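Listed here are the chains, written in short residue letters.
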2 protein chains.
Amino acid sequence: MSQRDEREGRILYEGAKFDILLKTIEGRSGAKTEKPYIHHPGAVVLIPETSHGGLILIENRRFAVEETILEVPAGTLHWGEDPVEAAHRELEEETGWRASTLVPVMTYFSAPAFTNEVMHVFLAQDLQRGVLNLDDDEEIRVVEFSREQADSLLTDGKVKDGKTLLALALWKNLRED
Amino acid sequence: MSQRDEREGRILYEGAKFDILLKTIEGRSGAKTEKPYIHHPGAVVLIPETSHGGLILIENRRFAVEETILEVPAGTLHWGEDPVEAAHRELEEETGWRASTLVPVMTYFSAPAFTNEVMHVFLAQDLQRGVLNLDDDEEIRVVEFSREQADSLLTDGKVKDGKTLLALALWKNLRED
């Protein structure tokens, strides 16, 4: 998990969620170049399992790809925030469900070619109704899938989001262990 | 696959590989904010399968995360480049192996919260010796894994890179079908 003041390089952009910097890199020849990277506080990814063994996903409008895509609930950490706290917050805000149980599954780098963003994946269980609370710029619809439907999403082409595909694979793997 | 001139918004950075733009987004309330995104030509991801059924990976120095991490070979498309051509190129340059067979496995968005980068995943088979050809700023070591070793990488914590974890899961899935 990065802290905001650990950023290195020339500031290109300072944002509400993350910053963008230009860092000087020395090649094997000694030649120097500047490369941009997103300095990121990290994010949480939820695998919300219903009491029937199904999965809760969201249809999420994404301006960067100009599409509404099917995703697991997820969200950016506040700088320095505990991932468990963020996971509880994002799950409730984006789906209207609260989890009594959060099991850490994995942490990984989302796109190490250009960001230090770390993804913290949690299995969310024992769900109870909470309060949906979307940000002004969020357009989200909550969708529930049965276990069979969810498992087929890994290969049927309906999911285009990398973190969601990996979450589906990890969830299947957890149940096979 | 995006073209370079399809970018939208205010230019923050123009790079050799990708650009960064600020796009104006209107929230549900009508309020407008500017958000940054990486306008990206897309990337290829290789699953190089050896004649013994093993897997070729690379240890790759990543400045953005300040670590050397275990990854599948991958690389950025040139703007407008055919993904199949890029896949052949990147596999040989990064691993010194050439593939006679490339099977398209999947395409997905790497990080749709802040980039339109599309990942094109290929299974690379019928490998022959080619010529390793690293860029000046690349520090890469090629490592071969047996099938058993590769399958355990999905859960043993040795792989921290999202695209590699997903590639490992997809490869396992392909063989189970």
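Residues numbered from 1 in each chain as written. Chains lettered and ligands numbered in written order. Predicted model: local features only at pLDDT ≥ 70, side-chain atom pairs only at ≥ 80, totals over all residues.

Visitor: Any details on the sheet that holds strand 8 (residues 97–109) of chain A? Residues and values, ideally.
Guide: Neighbouring strands of a sheet are bound in pairs by backbone hydrogen bonds; such pairs are parallel or else antiparallel. All names here are of chain A. The sheet built from 4 strands is open, its strands ordered 7-4-9-8 with mixed pairing. Either end of the sheet is taken by a strand with one partner, and the two such strands are strand 7 (74–76) and strand 8. Geometrically, the sheet is characterised by an average inter-axis angle of 25° between neighbouring strands, direction not taken into account. Two elements, strand 4 (residues 43–48) and strand 9 (residues 118–129), share 6 bridges in a ladder whose sense is parallel. The residue bridging Val-44 from the neighbouring strand is His-120, located in strand 9. Sitting on the sheet, helix 1 (residues 83–95) is in contact with strand 4, strand 7, strand 8 and strand 9, with an inclination near 120° to strand 8. (Pairing = 2+ DSSP bridges. Helix = DSSP H or I, 4+ residues; strand = E, 2+ residues; numbered from the N terminus. Axes fitted to C-alpha atoms, helices over the stretch in contact; angles between N-to-C directions. Contact = placed C-beta atoms within 7 Å.)

Visitor: Describe the interface of chain B and chain A, and please don't skip the residues or the numbers.
Guide: Across the boundary between the two partners, chain B contributes 43 residues, which contact 43 residues of chain A. When contributions to the side of chain B that touches chain A are tallied by element, the ones reaching two or more residues are strand 1 (10–14), strand 2 (19–26), strand 3 (32–39), strand 8 (97–109) and helix 3 (162–176) of chain B. No other element matches helix 3 of chain B, which puts 6 residues into the side of chain B that touches chain A. Its residues assigned to classes, the side of chain B that touches chain A shows 23 nonpolar, 10 polar and 10 charged. (Nonpolar A, V, L, I, M, F, W, Y, C, P; charged D, E, K, R; others polar.)

Visitor: Lay out the nonpolar core in plain terms, naming residues and giving numbers.
Guide: Counting 90 residues, the largest nonpolar core has Leu-46 of chain A together with Leu-46 of chain B as its most contacted members. When neighbours within four sequence positions are excluded, Leu-46 of chain A is seen to be in contact with Val-72, Pro-73, Ala-74, Ala-87, Glu-90, Leu-91, Phe-122 and Ala-124 of chain A. (Core = buried A, V, L, I, M, F, W, Y, C linked by C-beta atoms within 7 Å. Buried ≥ 20, exposed ≤ 12 C-beta atoms within 10 Å, placed from the backbone.)

Visitor: Which residues make up the relation of the copies chain B and chain A, and what are the values?
Guide: Between chain B and chain A, which share one sequence, the superposing operator has a rotation angle of 180° and an axial displacement of 0.0 Å; the RMSD is 0.0 Å. Look at the turn and shift together and you get a two-fold axis relating the two. Judged by C-alpha distance, Leu-166 of chain B is the residue of chain B that lies nearest the rotation axis, at 2.6 Å. Mapped onto chain A, 100% of the interface residues of chain B again fall at the interface, so both copies present the same surface. (Least-squares fit on C-alpha atoms with pLDDT ≥ 70 in both.)

Visitor: Explain unusual backbone geometry to me, using residue names and the numbers behind them.
Guide: A positive phi angle, close to 55°, is found at Asp-126 of chain A, a residue other than glycine. Along the polypeptide, Asp-126 of chain A turns up in strand 9. Even without a glycine there, the phi angle at Glu-66 of chain B is positive, about 55°. Among the secondary structure elements, Glu-66 of chain B is positioned in the loop between strand 5 (55–62) and strand 6 (67–71).

Visitor: Which residues make up the sheet that holds strand 3 (residues 32–39) of chain A, and what values do they have?
Guide: Residue and element names in this part refer to chain A. Here 3 strands make up an open sheet; going across it, the order is 1-2-3 and the pairing antiparallel. The sheet terminates laterally at strand 1 (10–14) and strand 3, the two strands that pair on one side only. On average, adjacent strands in this sheet sit at an angle of 25° to one another, irrespective of strand direction. Where strand 2 (residues 19–26) meets strand 3, 8 bridges bridge the pair, whose relative direction is antiparallel. Within the sheet, the bridge partner assigned to Ile-25 lies in strand 3 and is Thr-33.

Visitor: Can you break down the domain arrangement of chain A residue by residue, with the values?
Guide: Residue and element names in this part refer to chain A. For chain A, the domain assignment lists domain 1 (4–39) and domain 2 (43–176). In this complex, domain 1 contributes 6 residues to the contact, which on the side of domain 2 involves 6 residues. For the side of domain 1 that touches domain 2, a count of residues per class yields 3 nonpolar, 1 polar and 2 charged. (Domains from an automatic or database assignment.)

Visitor: Lay out the confidence of the model for chain A with the relevant residues and their values.
Guide: On average, residues of chain A score 96 in pLDDT, and 100% of them are at 70 or above. Quick note on the complex model: pTM equals 0.97, ipTM equals 0.96. (pLDDT = per-residue confidence, 0-100.)

Visitor: Describe the packing of helix 3 (residues 162–176) of chain A against helix 3 of chain B, listing the residues and the values that go with them.
Guide: Running from amino to carboxyl end, helix 3 of chain A crosses helix 3 of chain B at an angle of 45°, the nearest separation of the two axes being 10 Å. Compared by their axis directions, helix 3 of chain A and helix 3 of chain B come out oblique. Considering the relative orientation of helix 3 of chain A and helix 3 of chain B, their crossing is left-handed. Residues Gly-162, Lys-163, Leu-165, Leu-166 and Ala-169 of chain A of helix 3 of chain A form the contact with helix 3 of chain B, whose own contacting residues are Gly-162, Lys-163, Leu-165, Leu-166 and Ala-169 of chain B. Tallied by class, the residues present in the contact of helix 3 of chain A with helix 3 of chain B amount to 6 nonpolar, 2 polar and 2 charged. (Parallel < 35°, antiparallel > 145°, perpendicular 65-115°, else oblique. Left-handed = near helix turned anticlockwise from the far one by under 90°.)

Visitor: Any chance you could break down the pairing of strand 5 (residues 55–62) of chain A for me, citing the residues and the numbers?
Guide: Residue and element names in this part refer to chain A. Pairing of strand 5 with strand 10 (residues 140–145) involves 6 bridges; the strand directions are antiparallel. Directly across from Asn-60, in strand 10, lies its bridge partner Ile-140. Following strand 5, the chain reverses through 4 residues before pairing antiparallel with strand 6 (residues 67–71); Glu-66 in that reversal takes a positive phi of roughly 55°.

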